[in-house]
Amino acid sequence: MTTMVGSSWEDVRKQARILENDIDVKLVAFSKLGVSTGSGLNSESMPLINSEDMFDTMSMELQQLLSKLSQLNDKMAEIAPSGTATMHTIKRHREILMDYQQEFDRTSARVCARREREELLGGGMGGGVPSVGLSRRDQYGKEAAHLHSSHILVDEQINIAMEAREHLTSQRQTFKRMQTRFNDIANRFPMLNSLIYRINARKRRDSLIVGVVVAVCTFLLLLYAFH
């Protein structure tokens, strides 16, 4: 019975090694393909969808291989004979799987971030239509058109701001002219200022007299009340 278990253990371990080598080779190609899709193609007329489809296909294949390797590691842990060396071997296989998974996740995240940037750049002119399938020349043309439209919008905003400033300047000049006219009227009729001053002085004098009368009356009433 022990011989059968050991044979099964060796078979599973051999399958895991073969699968690890296969994944390692595919991860190298997967990483290079991820870099090439982000840096662009040499030919301007070659559509981008070729590299994109190839990347997606390899991504699905690697996911299946990583899942299969995880199952093999679990199976090794179930049928492994007892011993420190065996436990160390299982741990090493799990570490290799973890390294492969991290490398796969990094490459996938990098390509996803690049795709999001391209969608944002390509969606500015066409209402969010992705630029997949367009040549590099077409993409540059769309980007130039987008920049031209942005410049037109900026120029319109600048013109509106300049018109508003001219309107405010005109209003300020109008107020200055009105103030000048009021000053001229005041200088032409000095008697008017003098009359206004005398009226205000008489008002202050009347208020003072009324205040004194009220104070005297109040004093007399208090004096009468205490007597």
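A short tour of the structure in this document, coming up. Remember, it's a predicted structure, so these values are computed and weren't measured experimentally.

### Let's talk about the overall build of the protein
Helices and strands together make up the secondary structure of the protein, namely five helices and zero strands. Looking at the protein as a whole, 20% of its 227 residues qualify as buried. Sequence-distant contacts in the protein: of pairs separated by 6 or more residues, those separated by 24 or more amount to 77%. When the accessible surface of the protein is summed, it comes to about 17,100 Å², and 61% of that surface belongs to carbon and sulfur atoms.

### Regarding the side chain of Arg13
Along the chain, the position of Arg13 falls in helix H1 (residues 2-39). Lacking a salt bridge, the buried Arg13 has Glu10 as its closest oppositely charged neighbour, with an N-O distance of 4.6 Å. Every residue in contact with Arg13, bar those within four places of it in the chain, is listed here: Met76, Thr89 and His93.

### Some points on the nonpolar core
Counting 22 residues, the largest nonpolar core has Ile23, Leu62, Leu69 and Tyr100 as its most contacted members. Of all the secondary structure elements, the ones that give two or more residues to this core are H1, helix H2 (49-79) and helix H3 (84-122). When residues no more than four places from it in sequence are discounted, the contact partners of Ile23 are Leu62, Leu65, Leu66, Leu69 and Tyr100.

### Section: the packing of aromatic side chains
Following the criterion strictly, the structure yields two aromatic pairs and no others. On the basis of an interplanar angle of 20° and a centroid distance of 4.5 Å, the ring pair of Phe30 and Phe55 is categorised as stacked. Taken together, the residues span a long stretch of sequence, with Phe30 in helix H1 and Phe55 in helix H2 at a distance of 25 residues. Grouping residues by exposure puts Phe30 and Phe55 together as buried. Here the aromatic rings of Phe30 and Phe104 are separated by 5.3 Å at their centres, their planes lie at 20°, and the arrangement is stacked. Taken together, the residues Phe30 in helix H1 and Phe104 in helix H3 connect sequence positions 74 residues apart. The pair formed by Phe30 and Phe104 is uniform in burial state, with each residue classed as buried. Taken together, Phe30, Phe55 and Phe104 form an aromatic cluster joined through their ring pairs.

Rules used throughout
Residues numbered from 1 in each chain as written. Predicted model: local features only at pLDDT ≥ 70, side-chain atom pairs only at ≥ 80, totals over all residues. Heavy atoms only, no water. Helix = DSSP H or I, 4+ residues; strand = E, 2+ residues; numbered from the N terminus. Buried < 20%, exposed > 50% of the residue type's maximum accessible area, 1.4 Å probe, protein only. Contact = heavy atoms within 4.5 Å. Areas by Shrake-Rupley, 256 points an atom, 1.4 Å probe, with all protein chains shown as cover. Lys, Arg positive; Asp, Glu negative; His and termini not counted. Salt bridge = Lys/Arg side-chain N within 4 Å of Asp/Glu carboxyl O. Core = buried A, V, L, I, M, F, W, Y, C linked by side-chain atoms within 4.5 Å. Phe/Tyr/Trp six-rings, centres within 6.5 Å; stacked < 30°, edge-to-face > 60°.

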